[in-house]
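Notes for the structure review
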Amino acid sequence: MKYAVYVDGQEGTTGLRINEYLAQRADIEVLRIDADKRKDPAERARLLNAADVAFLCLPDAASREAAAMVTNPKTCLIDASTAHRTAPGWAFGLPELAKGQRAAIRESKRIANPGCHASAFILAVRPLVDAGLLSPDALVTATSITGYSGGGKSMIAEYEAGGQPKLTAPRPYALGLAHKHLPEMMAHTGLKQAPVFMPIVSNFYKGLAVTVPLHLSQLRAGATPQQVRDALAAHYEGERFVHVKPLRDPDTLAGGFFDVQACNDTNNVDLFVFGSEQQILVMARLDNLGKGASGAAVQSMNVHLGVDESLGLTGPDLNSI
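Residues numbered from 1 in each chain as written. Predicted model: local features only at pLDDT ≥ 70, side-chain atom pairs only at ≥ 80, totals over all residues. Heavy atoms only, no water.

1. Digging into the pattern of salt bridges
Throughout the structure, instances matching the rule amount to 15 salt bridges. Between Glu-43 and Arg-46 there is a salt bridge, with the nearest N and O atoms lying 2.8 Å from each other. Linking Glu-43 with Arg-46, this pair stays in helix 2 (residues 41–50), spanning three residues, or about one helical turn. You can call Glu-43 buried: its relative accessible area is 13%. Residue Asp-130 is joined to Arg-126 by a salt bridge in which the shortest nitrogen-to-oxygen separation is 3.0 Å. Separated by four residues within a single helix, Asp-130 and Arg-126 lie in helix 5 (residues 116–130), roughly one turn from each other. Given the relative accessible area of 44%, Asp-130 is considered partly exposed. Shared partners join several salt bridges into a network, and the residues in it are Arg-17, Lys-206, Asp-265 and Asp-287. (Salt bridge = Lys/Arg side-chain N within 4 Å of Asp/Glu carboxyl O. Helix = DSSP H or I, 4+ residues; strand = E, 2+ residues; numbered from the N terminus. Buried < 20%, exposed > 50% of the residue type's maximum accessible area, 1.4 Å probe, protein only.)

As structure tokens, then:
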């Protein structure tokens, strides 16, 4: 059986990469819009309603407009924008989030793809809240460093053009403390207060790592770094894409530096706990274009369609994407 799939916004960074994943698939027929009709609402509506699955790789307002065009009850929308990540009636496209999440994705015709920073933060923090180690009332901070591909085509062009010394150094941003991922970071971890979140873009193409520093005094009385690591391992037991590393990961400590890019060209997330007797760092690493965007969208499609969850997301062909 072949599934008809349409990517609305196929020329953007996320849309292009989704198409690269889909090109490997014998079970997918990609519906394509003619270049001269890309902004034709009638043609877009026709393709959206002809699809079994339609990916929305658009700005927020355009995603809302596209969603309103869909009248076919059989069309499943997977929205890569921020528009619907906390909206009622939309399943959050993070299968590893909690028990029952895969069932929600499978049953829903409206799936909101998580943001890249948010995916890493949620995967690091949600298990601690669920295990009762971290109170929902906790005041949490987080830092994320990411490659410049997360800024889309204009930022990619700016970095790759070269000639600007300021781009050779890491650049903190979203200093107004109102990053667009904050609502989903709260909603899907159970935190009652938004984390103080500082993202940083740096001079490498892709790769992302979120760090959540915590004093052990912020956790349940008597909590240890090992218990934090064990809570992560228990939460993700059996997950093929989420890998919880040993406490104070010996390989990382031996090298002395953390490799932000080590999950690139995979759909994997690596989770780490580094700790002393008073403090811990919980870290999550992923490919911001893979599990942080396009890979996550395709994974949710696979879950929704009931096919192998890793279909098109593993193997040597990924290295060419």
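2. Let's talk about the packing of aromatic side chains
If you walk through the whole model with that rule in mind, you get four aromatic pairs. Ring geometry for Tyr-148 and Tyr-159: centres 4.6 Å apart, planes at 5 degrees, overall stacked. Of the two residues, Tyr-148 sits in the loop between strand 7 (141–147) and helix 6 (152–161) while Tyr-159 sits in helix 6, which places them 11 residues apart along the sequence. Neither Tyr-148 nor Tyr-159 differs from the other in exposure class; each is buried. For the ring pair Phe-272 and Phe-274, a centre distance of 5.9 Å and an interplane angle of 10 degrees mean the geometry is stacked. By the burial criterion, Phe-272 is buried, and Phe-274 matches it. (Phe/Tyr/Trp six-rings, centres within 6.5 Å; stacked < 30°, edge-to-face > 60°.)

3. As for helix 2
Burial in helix 2 covers these residues: Glu-43, Arg-44, Ala-45, Leu-47, Leu-48 and Asn-49. Looking at the buried positions of helix 2, the neighbouring elements they touch are strand 1 (3–8), strand 2 (28–31), strand 3 (53–56), helix 3 (60–69) and strand 4 (76–79). (Contact = heavy atoms within 4.5 Å.)

4. Some thoughts on the packing of helix 5 against helix 8 (residues 225–235)
Interaxial distance between helix 5 and helix 8 falls to 9 Å at its minimum, and their mutual angle equals 100 degrees. When the axis of helix 5 is compared with that of helix 8, the two are roughly perpendicular. Counting all contacts with helix 5, which are made through Leu-123, Ala-124, Arg-126, Pro-127, Leu-128 and Asp-130, the residues of helix 8 involved are Val-228, Ala-231, Leu-232 and His-235. Classifying every residue of the contact of helix 5 with helix 8 by side-chain character gives seven nonpolar, one polar and two charged. (Axes fitted to C-alpha atoms, helices over the stretch in contact; angles between N-to-C directions. Parallel < 35°, antiparallel > 145°, perpendicular 65-115°, else oblique. Nonpolar A, V, L, I, M, F, W, Y, C, P; charged D, E, K, R; others polar.)

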